[in-house]
Amino acid sequence: MIDHTLGKADMTMTPKHPHITVPLTGEDGNAFAVLGRCRKAAREAGLRDSEINAFVTEATAGDYDHLLQTALRWFDVL
C-alpha cells in the first residue's frame, strides 16, 4: 500500500543527496523523463551504480506520485 500523505515536516526534510540538483519545473513531466533526469543527475554527481539502482527501484515501486515523492526524498528538486 502506498501512503499518499506528505506532511509539512516531510516537505522540509533534507534530501538524501542535497548536493544533487534535478530540474523538474518547466520540463517534461512524463514519468520516464523525470526518472531519466534523476538518473542523469545522479550519474553526473558520481553516485555508484548500486546507489542509482536503489533509487530507481524505490522510485518505480509505486505510481507517479510515489516517483515524485522519492525524487524529493533523494535529491534537491527544482
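Residues numbered from 1 in each chain as written. Predicted model: local features only at pLDDT ≥ 70, side-chain atom pairs only at ≥ 80, totals over all residues. Heavy atoms only, no water.

Student: Any details on helix α4 (residues 64-74)? Residues and values, ideally.
Tutor: Taken residue by residue, α4 has His66, Leu67, Gln69, Thr70, Ala71 and Trp74 as its buried positions. For α4, the secondary structure elements touched by its buried residues are β1 (17-22), α2 (31-44), α3 (49-59) and β2 (75-77). Near the N-terminus of α4, the side chain that reaches the backbone nitrogen of aspartate 65, with its oxygen 3.3 Å away, is that of aspartate 63. (Buried < 20%, exposed > 50% of the residue type's maximum accessible area, 1.4 Å probe, protein only. Helix = DSSP H or I, 4+ residues; strand = E, 2+ residues; numbered from the N terminus. Contact = heavy atoms within 4.5 Å. Polar contact = N/O pair within 3.5 Å; in protein donor to acceptor, adjacent residues only side chain to side chain.)

Student: Just give me the short version of the packing of α2 against α3, but keep the residues and values in it.
Tutor: As a packed pair, α2 and α3 sit with axes 10 Å apart at the nearest point and diverge in direction by 160°. On the basis of their axis angle, the class for α2 and α3 is roughly antiparallel. With respect to the hand of their crossing, α2 and α3 are arranged in right-handed fashion. Within the contact between the two elements, α2 uses Leu35, Cys38, Arg39, Ala42 and Arg43 and α3 uses Ile52, Phe55, Val56 and Ala59. (Axes fitted to C-alpha atoms, helices over the stretch in contact; angles between N-to-C directions. Parallel < 35°, antiparallel > 145°, perpendicular 65-115°, else oblique. Left-handed = near helix turned anticlockwise from the far one by under 90°.)

Student: Please provide a residue-by-residue account of the confidence of the model for the protein chain, values included.
Tutor: Of the residues in the protein chain, 85% reach a pLDDT of 70 or more, and the chain-wide mean stands at 87. Taken as a whole, residues 1-9 scores under 50 in pLDDT and shows 9 contacts with residues more than four places along the chain or in a different chain. (pLDDT = per-residue confidence, 0-100.)

Student: Give a detailed account of the nonpolar core, specifying residues and quantitative values.
Tutor: With 17 residues, the main nonpolar core has Ile20, Val22, Leu35, Cys38, Leu47, Phe55 and Phe75 as its most contacted residues. Of all the secondary structure elements, the ones that give two or more residues to this core are β1, α2, α3 and α4. With 5 residues, the single largest contributor to this core is α2. Contacts of valine 22, omitting those with residues within four sequence positions, involve Arg37, Cys38, Ala41, Phe75, Asp76, Val77 and Leu78. (Core = buried A, V, L, I, M, F, W, Y, C linked by side-chain atoms within 4.5 Å.)

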